[in-house]
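Letter by letter, the chains look like this.
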Amino acid sequence: MASTDNQNSSVFKHFNWKTFVSGGIAGSVAKTLVAPIDRVKILKQVHSRHYDGFGIFESFYRIYQIEGFLALYKGNGAQMIRIFPYAALQFTSYETFKSLNKRIFKDKSGNVFNSLACGSLAGITAVSFTYPLDVIRSRLAFQFKGEHVYKGIVDAVIKIYSESKSIKSYYRGYLITVMGMVPYAGISFSSFEHIKKFVLKNNYKYLTHLGSHKSSTSETHIYYELTVVGKLLCGALTGIVAQTITYPLDVVRRHMQLSGMISEANTKMGIIDTFGYVYSKYGVVKGLYRGITLNYIRAVPMVSTSFCFYELSKKFFGLKTGEFVKIS
(Lines give C-alpha, C1' and ligand atoms only; values in the text may rest on other atoms or scores of the structure.)
Protein backbone atom coordinates (compact mmCIF):
# COMPACT_ATOMS: atom_id res chain seq x y z
CA MET A 1 0.00 0.00 0.00
CA ALA A 2 1.21 3.51 -0.79
CA SER A 3 1.90 5.99 1.99
CA THR A 4 1.19 9.69 2.18
CA ASP A 5 4.16 12.04 2.25
CA ASN A 6 3.29 14.32 5.17
CA GLN A 7 6.57 16.20 4.94
CA ASN A 8 5.34 18.10 1.90
CA SER A 9 2.42 19.67 3.80
CA SER A 10 4.48 22.78 4.59
CA VAL A 11 5.02 23.49 0.88
CA PHE A 12 1.44 24.73 0.50
CA LYS A 13 0.23 27.69 2.51
CA HIS A 14 -3.45 28.42 3.14
CA PHE A 15 -3.99 32.15 2.80
CA ASN A 16 -6.74 33.15 5.19
CA TRP A 17 -8.83 35.16 2.75
CA LYS A 18 -8.85 32.34 0.20
CA THR A 19 -9.86 29.78 2.80
CA PHE A 20 -12.43 32.22 4.23
CA VAL A 21 -14.11 32.81 0.86
CA SER A 22 -13.95 29.11 -0.04
CA GLY A 23 -15.66 28.18 3.21
CA GLY A 24 -18.33 30.86 2.80
CA ILE A 25 -19.15 29.71 -0.73
CA ALA A 26 -19.32 26.07 0.34
CA GLY A 27 -21.64 26.78 3.26
CA SER A 28 -23.96 29.05 1.27
CA VAL A 29 -24.40 26.60 -1.60
CA ALA A 30 -24.95 23.63 0.73
CA LYS A 31 -27.47 25.39 2.99
CA THR A 32 -29.47 26.82 0.08
CA LEU A 33 -29.69 23.32 -1.39
CA VAL A 34 -31.30 21.91 1.77
CA ALA A 35 -33.23 24.99 2.98
CA PRO A 36 -36.68 23.43 2.32
CA ILE A 37 -35.64 20.29 4.22
CA ASP A 38 -34.36 22.45 7.08
CA ARG A 39 -37.71 24.21 7.45
CA VAL A 40 -39.68 20.95 7.55
CA LYS A 41 -37.14 19.52 10.02
CA ILE A 42 -37.62 22.45 12.42
CA LEU A 43 -41.41 22.17 12.20
CA LYS A 44 -41.26 18.41 12.87
CA GLN A 45 -38.71 18.65 15.68
CA VAL A 46 -40.81 20.98 17.82
CA HIS A 47 -44.20 19.47 16.92
CA SER A 48 -45.77 22.45 15.12
CA ARG A 49 -49.53 22.03 15.49
CA HIS A 50 -50.01 22.87 11.82
CA TYR A 51 -47.86 19.94 10.67
CA ASP A 52 -48.05 17.48 13.56
CA GLY A 53 -49.31 14.10 12.36
CA PHE A 54 -48.20 14.64 8.79
CA GLY A 55 -45.41 12.65 7.16
CA ILE A 56 -42.28 14.22 5.70
CA PHE A 57 -43.47 14.43 2.12
CA GLU A 58 -46.98 15.40 3.22
CA SER A 59 -45.45 18.31 5.14
CA PHE A 60 -43.57 19.49 2.05
CA TYR A 61 -46.77 19.41 0.02
CA ARG A 62 -48.81 21.11 2.79
CA ILE A 63 -46.32 23.98 3.03
CA TYR A 64 -46.38 24.40 -0.75
CA GLN A 65 -50.20 24.16 -0.94
CA ILE A 66 -51.03 26.47 1.98
CA GLU A 67 -48.13 28.90 2.16
CA GLY A 68 -46.69 28.76 -1.37
CA PHE A 69 -43.38 27.65 -2.89
CA LEU A 70 -41.30 30.45 -1.34
CA ALA A 71 -42.48 29.37 2.12
CA LEU A 72 -40.16 26.39 1.75
CA TYR A 73 -37.32 28.93 2.00
CA LYS A 74 -38.81 30.91 4.90
CA GLY A 75 -35.98 32.06 7.16
CA ASN A 76 -33.36 31.41 4.48
CA GLY A 77 -32.56 35.13 4.19
CA ALA A 78 -31.41 35.19 7.81
CA GLN A 79 -29.76 31.84 7.17
CA MET A 80 -27.60 33.24 4.36
CA ILE A 81 -26.57 36.25 6.47
CA ARG A 82 -25.47 33.74 9.09
CA ILE A 83 -24.11 30.86 7.05
CA PHE A 84 -21.50 32.67 4.94
CA PRO A 85 -19.54 34.02 7.94
CA TYR A 86 -20.28 30.82 9.90
CA ALA A 87 -18.91 28.45 7.26
CA ALA A 88 -16.08 30.84 6.40
CA LEU A 89 -15.03 31.09 10.05
CA GLN A 90 -15.38 27.35 10.58
CA PHE A 91 -13.22 26.29 7.64
CA THR A 92 -10.67 29.06 8.22
CA SER A 93 -10.46 28.21 11.92
CA TYR A 94 -10.03 24.55 11.11
CA GLU A 95 -7.14 25.25 8.74
CA THR A 96 -5.58 27.54 11.38
CA PHE A 97 -5.92 25.02 14.20
CA LYS A 98 -4.65 22.26 11.89
CA SER A 99 -1.54 24.32 11.09
CA LEU A 100 -0.93 25.01 14.80
CA ASN A 101 -1.47 21.32 15.51
CA LYS A 102 1.24 20.35 12.98
CA ARG A 103 3.62 22.96 14.37
CA ILE A 104 3.14 21.84 17.99
CA PHE A 105 2.72 18.07 17.72
CA LYS A 106 4.63 17.47 14.46
CA ASP A 107 4.58 13.73 13.61
CA LYS A 108 1.78 13.04 16.10
CA SER A 109 -0.49 15.74 14.65
CA GLY A 110 -2.27 13.33 12.32
CA ASN A 111 -3.87 11.11 14.95
CA VAL A 112 -7.65 10.96 15.40
CA PHE A 113 -7.75 12.82 18.73
CA ASN A 114 -5.81 15.80 17.39
CA SER A 115 -7.97 16.13 14.29
CA LEU A 116 -11.12 15.81 16.44
CA ALA A 117 -9.86 18.64 18.64
CA CYS A 118 -9.11 20.88 15.62
CA GLY A 119 -12.58 20.32 14.20
CA SER A 120 -14.30 20.89 17.53
CA LEU A 121 -12.43 24.16 18.19
CA ALA A 122 -13.29 25.37 14.69
CA GLY A 123 -16.97 24.62 15.25
CA ILE A 124 -17.05 26.39 18.62
CA THR A 125 -15.34 29.45 17.13
CA ALA A 126 -17.85 29.73 14.29
CA VAL A 127 -20.92 29.12 16.49
CA SER A 128 -19.87 31.68 19.09
CA PHE A 129 -19.76 34.48 16.53
CA THR A 130 -22.91 33.61 14.57
CA TYR A 131 -25.33 31.95 17.03
CA PRO A 132 -27.78 34.90 17.35
CA LEU A 133 -28.48 34.69 13.62
CA ASP A 134 -29.33 30.99 13.99
CA VAL A 135 -31.90 31.83 16.69
CA ILE A 136 -33.46 34.50 14.45
CA ARG A 137 -33.54 32.13 11.46
CA SER A 138 -35.21 29.40 13.55
CA ARG A 139 -37.91 31.79 14.79
CA LEU A 140 -38.67 32.98 11.25
CA ALA A 141 -38.75 29.43 9.85
CA PHE A 142 -41.17 28.28 12.60
CA GLN A 143 -43.85 30.81 11.67
CA PHE A 144 -47.06 29.77 9.90
CA LYS A 145 -48.87 31.81 7.27
CA GLY A 146 -51.38 34.18 8.87
CA GLU A 147 -49.86 33.75 12.32
CA HIS A 148 -46.59 35.65 11.93
CA VAL A 149 -45.04 36.89 15.15
CA TYR A 150 -42.19 38.60 13.29
CA LYS A 151 -42.47 40.77 10.18
CA GLY A 152 -38.88 40.15 9.15
CA ILE A 153 -35.29 39.95 10.34
CA VAL A 154 -35.14 43.42 11.92
CA ASP A 155 -38.48 42.94 13.70
CA ALA A 156 -37.28 39.56 15.00
CA VAL A 157 -34.07 41.13 16.35
CA ILE A 158 -36.08 43.75 18.27
CA LYS A 159 -38.74 41.41 19.65
CA ILE A 160 -36.35 38.65 20.66
CA TYR A 161 -34.25 41.20 22.57
CA SER A 162 -37.36 42.46 24.37
CA GLU A 163 -38.00 38.99 25.85
CA SER A 164 -35.30 39.42 28.50
CA LYS A 165 -34.07 42.95 27.73
CA SER A 166 -30.57 41.55 27.26
CA ILE A 167 -28.32 39.82 24.77
CA LYS A 168 -29.10 36.53 26.55
CA SER A 169 -32.25 36.26 24.45
CA TYR A 170 -30.10 35.64 21.37
CA TYR A 171 -28.11 32.91 23.08
CA ARG A 172 -30.89 30.62 24.32
CA GLY A 173 -29.72 27.07 23.64
CA TYR A 174 -26.13 28.21 23.05
CA LEU A 175 -24.59 25.81 25.57
CA ILE A 176 -26.42 22.79 24.15
CA THR A 177 -25.35 23.93 20.68
CA VAL A 178 -21.70 24.01 21.74
CA MET A 179 -22.13 20.61 23.38
CA GLY A 180 -23.45 19.30 20.07
CA MET A 181 -20.85 21.16 18.04
CA VAL A 182 -17.88 19.64 19.89
CA PRO A 183 -18.60 16.09 18.68
CA TYR A 184 -20.30 17.10 15.41
CA ALA A 185 -17.64 19.45 14.03
CA GLY A 186 -14.88 17.27 15.41
CA ILE A 187 -16.29 14.10 13.85
CA SER A 188 -17.13 15.87 10.57
CA PHE A 189 -13.69 17.35 9.90
CA SER A 190 -11.78 14.39 11.32
CA SER A 191 -13.84 11.83 9.40
CA PHE A 192 -13.56 13.71 6.12
CA GLU A 193 -9.79 14.10 6.47
CA HIS A 194 -9.21 10.43 7.31
CA ILE A 195 -11.66 9.05 4.73
CA LYS A 196 -10.16 11.35 2.11
CA LYS A 197 -6.60 10.26 2.90
CA PHE A 198 -7.63 6.60 2.85
CA VAL A 199 -9.23 6.97 -0.58
CA LEU A 200 -6.25 8.92 -1.98
CA LYS A 201 -3.65 6.49 -0.60
CA ASN A 202 -5.48 3.57 -2.21
CA ASN A 203 -6.15 5.47 -5.44
CA TYR A 204 -9.67 4.11 -5.91
CA LYS A 205 -10.95 4.18 -9.47
CA TYR A 206 -13.51 6.93 -10.24
CA LEU A 207 -12.84 8.53 -6.83
CA THR A 208 -9.34 9.92 -7.49
CA HIS A 209 -7.38 11.46 -10.35
CA LEU A 210 -3.90 12.87 -10.95
CA GLY A 211 -3.42 16.45 -9.79
CA SER A 212 -1.18 19.12 -11.28
CA HIS A 213 0.85 20.19 -8.24
CA LYS A 214 4.59 19.58 -8.29
CA SER A 215 7.19 19.26 -5.53
CA SER A 216 10.83 18.40 -5.02
CA THR A 217 9.79 14.77 -4.55
CA SER A 218 7.75 14.51 -7.76
CA GLU A 219 10.02 11.72 -9.01
CA THR A 220 9.16 9.49 -6.05
CA HIS A 221 5.63 10.68 -5.28
CA ILE A 222 2.42 11.12 -7.28
CA TYR A 223 -0.05 13.89 -6.45
CA TYR A 224 -3.65 12.67 -6.30
CA GLU A 225 -6.88 14.60 -5.78
CA LEU A 226 -10.44 13.45 -5.19
CA THR A 227 -12.82 13.54 -8.14
CA VAL A 228 -16.16 15.29 -7.66
CA VAL A 229 -17.74 11.87 -7.02
CA GLY A 230 -15.01 11.13 -4.47
CA LYS A 231 -15.60 14.43 -2.67
CA LEU A 232 -19.36 13.83 -2.54
CA LEU A 233 -18.99 10.26 -1.30
CA CYS A 234 -16.50 11.14 1.46
CA GLY A 235 -18.73 14.02 2.55
CA ALA A 236 -21.85 11.84 2.58
CA LEU A 237 -20.28 9.20 4.82
CA THR A 238 -19.01 11.95 7.11
CA GLY A 239 -22.44 13.57 7.42
CA ILE A 240 -24.31 10.36 8.25
CA VAL A 241 -21.95 9.37 11.06
CA ALA A 242 -21.84 12.85 12.62
CA GLN A 243 -25.60 13.42 12.45
CA THR A 244 -26.45 10.08 14.06
CA ILE A 245 -24.29 10.78 17.09
CA THR A 246 -25.35 14.39 17.72
CA TYR A 247 -29.00 14.55 16.58
CA PRO A 248 -30.63 14.40 20.08
CA LEU A 249 -28.67 17.49 21.09
CA ASP A 250 -30.03 19.30 18.01
CA VAL A 251 -33.62 18.45 18.99
CA VAL A 252 -33.11 19.77 22.54
CA ARG A 253 -31.46 22.93 21.15
CA ARG A 254 -34.43 23.65 18.87
CA HIS A 255 -36.87 23.24 21.75
CA MET A 256 -34.87 25.75 23.79
CA GLN A 257 -34.59 28.23 20.92
CA LEU A 258 -38.33 28.10 20.23
CA SER A 259 -39.51 27.76 23.81
CA GLY A 260 -41.22 31.17 23.84
CA MET A 261 -43.27 30.23 20.79
CA ILE A 262 -44.18 26.69 21.88
CA SER A 263 -45.18 27.16 25.53
CA GLU A 264 -44.64 29.90 28.08
CA ALA A 265 -44.03 27.19 30.69
CA ASN A 266 -40.87 26.07 28.91
CA THR A 267 -39.14 29.44 28.57
CA LYS A 268 -36.93 29.04 31.67
CA MET A 269 -36.03 25.36 31.37
CA GLY A 270 -32.32 24.54 31.13
CA ILE A 271 -30.61 21.85 29.09
CA ILE A 272 -31.27 18.92 31.45
CA ASP A 273 -34.88 19.97 32.07
CA THR A 274 -35.55 20.37 28.34
CA PHE A 275 -33.90 17.02 27.60
CA GLY A 276 -36.06 15.39 30.30
CA TYR A 277 -39.18 17.15 29.02
CA VAL A 278 -38.70 15.92 25.44
CA TYR A 279 -37.83 12.39 26.58
CA SER A 280 -40.70 12.05 29.09
CA LYS A 281 -43.33 13.52 26.78
CA TYR A 282 -42.30 11.99 23.44
CA GLY A 283 -39.74 9.26 24.16
CA VAL A 284 -36.56 8.43 22.22
CA VAL A 285 -37.78 7.63 18.71
CA LYS A 286 -40.64 10.13 18.58
CA GLY A 287 -38.85 12.73 20.66
CA LEU A 288 -35.06 12.81 20.75
CA TYR A 289 -34.78 11.26 17.28
CA ARG A 290 -37.90 12.78 15.79
CA GLY A 291 -37.19 13.83 12.21
CA ILE A 292 -33.92 11.86 12.00
CA THR A 293 -34.98 10.32 8.67
CA LEU A 294 -35.43 13.78 7.24
CA ASN A 295 -32.11 14.77 8.73
CA TYR A 296 -30.36 11.90 6.93
CA ILE A 297 -31.95 13.07 3.68
CA ARG A 298 -30.69 16.55 4.54
CA ALA A 299 -27.25 15.57 5.87
CA VAL A 300 -26.07 13.60 2.86
CA PRO A 301 -26.47 16.35 0.23
CA MET A 302 -25.57 19.19 2.61
CA VAL A 303 -22.31 17.82 3.99
CA SER A 304 -21.35 16.33 0.63
CA THR A 305 -21.99 19.61 -1.18
CA SER A 306 -20.25 21.64 1.53
CA PHE A 307 -16.99 19.67 1.45
CA CYS A 308 -17.16 19.31 -2.34
CA PHE A 309 -17.54 23.05 -3.00
CA TYR A 310 -14.95 23.87 -0.34
CA GLU A 311 -12.38 21.71 -2.10
CA LEU A 312 -13.39 22.99 -5.54
CA SER A 313 -13.13 26.60 -4.34
CA LYS A 314 -9.72 25.93 -2.76
CA LYS A 315 -8.51 24.40 -6.01
CA PHE A 316 -9.78 27.45 -7.92
CA PHE A 317 -7.68 29.65 -5.63
CA GLY A 318 -4.63 27.42 -6.13
CA LEU A 319 -4.66 25.82 -2.68
CA LYS A 320 -3.71 22.20 -1.98
CA THR A 321 -6.63 19.76 -1.90
CA GLY A 322 -4.89 16.43 -2.56
CA GLU A 323 -2.01 14.38 -1.23
CA PHE A 324 1.42 13.32 -2.47
CA VAL A 325 1.39 9.54 -2.44
CA LYS A 326 4.66 7.60 -2.48
CA ILE A 327 5.13 5.39 -5.50
CA SER A 328 5.24 1.78 -4.31
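Structural data are supplied above this passage.
**Student:** For the overall build of the protein, give the residues involved together with the corresponding values.
**Tutor:** Helix and strand counts for the protein stand at 12 helices and 3 strands. Residues counted as buried form 52% of the 328 residues belonging to the protein. In the protein, the proportion of contacts linking residues at least 24 apart, taken out of those at least 6 apart, comes to 78%. Per element, the accessible surface of the protein, about 15600 Å² overall, is 66% carbon and sulfur.

**Student:** Let's hear about the nonpolar core: which residues, and what values?
**Tutor:** Formed by 23 residues in total, the largest nonpolar core has its most connected members in F91, L226, M302 and F307. For this core, the element with the highest residue contribution is helix α7 (residues 174-202), accounting for 6 residues. Other than its neighbours up to four places away in sequence, F307 contacts F91, S188, F189, F192, G235 and T238.

**Student:** Give me the lowdown on a nonpolar patch on the surface, citing residues and values where you can.
**Tutor:** On the surface, a nonpolar cluster with roughly 550 Å² of combined accessible area is contributed by F20, I25, V29, F84, V228, L232, F309 and L312. When contributions to the nonpolar patch are tallied by element, the ones reaching two or more residues are α1 (16-33), α8 (228-257) and α12 (292-316). It is α1 that contributes the most residues to the nonpolar patch, 3 residues altogether. Within the element layout of this structure, V228 appears in helix α8.

**Student:** If you had to explain the packing of α1 against α12 to someone new, which residues and values would you point to?
**Tutor:** Contact geometry for α1 and α12: axes closest at 8 Å, N-to-C directions at 150°. If you check the angle between α1 and α12, you find them roughly antiparallel. Regarding α1 and α12, the two cross each other, and that crossing is right-handed. Here T19, S22, G23, I25, A26, V29, A30, K31 and L33 of α1 lie close against α12, whose contacting residues are R298, P301, M302, T305, S306, F309, Y310, S313 and K314. Here the contact of α1 with α12 is built from residues that sort into 9 nonpolar, 6 polar and 3 charged.

**Student:** Please give an account of the side chain of Q90 that cites residues and values.
**Tutor:** Relative to the helices and strands, Q90 is located in helix α4 (residues 76-105). With a relative accessible area of 10%, Q90 lands in the buried category. What Q90 contacts, discounting residues up to four positions off in sequence, is A122, G123, A126, M181, A185 and F189.

**Student:** Tell me about the packing of aromatic side chains, residues and numbers included.
**Tutor:** Taken as a whole, this structure holds 16 aromatic pairs when the rule is applied. Taking 5.5 Å as the distance between ring centres and 85° as the angle between the ring planes, the aromatic pair formed by F91 and F189 counts as edge-to-face. Taken together, the positions of F91 in helix α4 and F189 in helix α7 put the pair 98 residues apart, joining distant regions of the chain. Neither F91 nor F189 differs from the other in exposure class; each is buried. Ring geometry for F91 versus F307: centroids 6.0 Å apart, planes at 90°, classification edge-to-face. One end of the pair, F91, is in helix α4; the other, F307, is in helix α12, with 216 residues separating them in the sequence. Three or more aromatic residues link up through ring pairs in this structure, and these residues are F91, Y94, F189, F192, F307 and Y310. Cation over ring: R82 sits above Y86, and NZ or CZ is 4.6 Å from the ring centre.

**Student:** Lay out the packing of α7 against α8 in plain terms, naming residues and giving numbers.
**Tutor:** Packed helices, taken two at a time, are described by the angle between their axes plus the distance between the axes. Between α7 and α8, whose axes approach to 8 Å, the crossing angle comes to 175°. With respect to α8, the element α7 is oriented roughly antiparallel.

**Student:** Explain the pattern of salt bridges to me, and be specific about the residues and the numbers.
**Tutor:** Pairing between side chains of opposite charge can happen when their charged atoms approach one another. Under the counting rule described, the total for this entry stands at 11 salt bridges. The shortest N-O distance in the salt bridge between E95 and K98 comes to 3.5 Å. Here E95 pairs with K98, and both are found in helix α4, just 3 residues apart, close to one helical turn. Owing to a relative accessible area of 6%, E95 belongs among the buried residues under this scheme.

**Student:** Describe the side chain of K231, listing the residues and the values that go with them.
**Tutor:** With respect to the element layout, K231 can be found in helix α8. For the buried K231, no salt bridge exists, and the shortest N-O distance to an oppositely charged side chain is 4.5 Å, to E311. Those residues in contact with K231 that lie beyond four places of it in its chain are F192, L226, S304, C308, E311 and L312.

**Student:** So what about the sheet that holds strand β3 (residues 323-326)? Which residues, and what values?
**Tutor:** One key point about sheets: their strands pair by backbone hydrogen bonds, in either a parallel or an antiparallel sense. Reading across the sheet, the 3 strands line up as β1-β2-β3 and stay open at both edges, with antiparallel pairing between neighbours. Looking at strand neighbours, the two that pair on one side only are β1 (208-210) and β3, the edges of this open sheet. Between one strand axis and the next, the sheet turns through 45° on average, direction left out of account. Summarising the sheet, β1 and strand β2 (residues 221-226) pair through 3 bridges and their orientation is antiparallel. Each bridged residue has a counterpart across the sheet, and for H209 the counterpart in β2 is E225.

How each quantity is defined
Residues numbered from 1 in each chain as written. Predicted model: local features only at pLDDT ≥ 70, side-chain atom pairs only at ≥ 80, totals over all residues. Heavy atoms only, no water. Helix = DSSP H or I, 4+ residues; strand = E, 2+ residues; numbered from the N terminus. Buried < 20%, exposed > 50% of the residue type's maximum accessible area, 1.4 Å probe, protein only. Contact = heavy atoms within 4.5 Å. Areas by Shrake-Rupley, 256 points an atom, 1.4 Å probe, with all protein chains shown as cover. Core = buried A, V, L, I, M, F, W, Y, C linked by side-chain atoms within 4.5 Å. Patch = residues over 30% accessible without salt bridge, like charges linked within 9 Å, V, L, I, M, F, W, Y side chains within 5 Å. Salt bridge = Lys/Arg side-chain N within 4 Å of Asp/Glu carboxyl O. Axes fitted to C-alpha atoms, helices over the stretch in contact; angles between N-to-C directions. Parallel < 35°, antiparallel > 145°, perpendicular 65-115°, else oblique. Left-handed = near helix turned anticlockwise from the far one by under 90°. Nonpolar A, V, L, I, M, F, W, Y, C, P; charged D, E, K, R; others polar. Phe/Tyr/Trp six-rings, centres within 6.5 Å; stacked < 30°, edge-to-face > 60°. Lys NZ or Arg CZ within 6 Å of the ring centre and 35° of its normal. Lys, Arg positive; Asp, Glu negative; His and termini not counted. Pairing = 2+ DSSP bridges.

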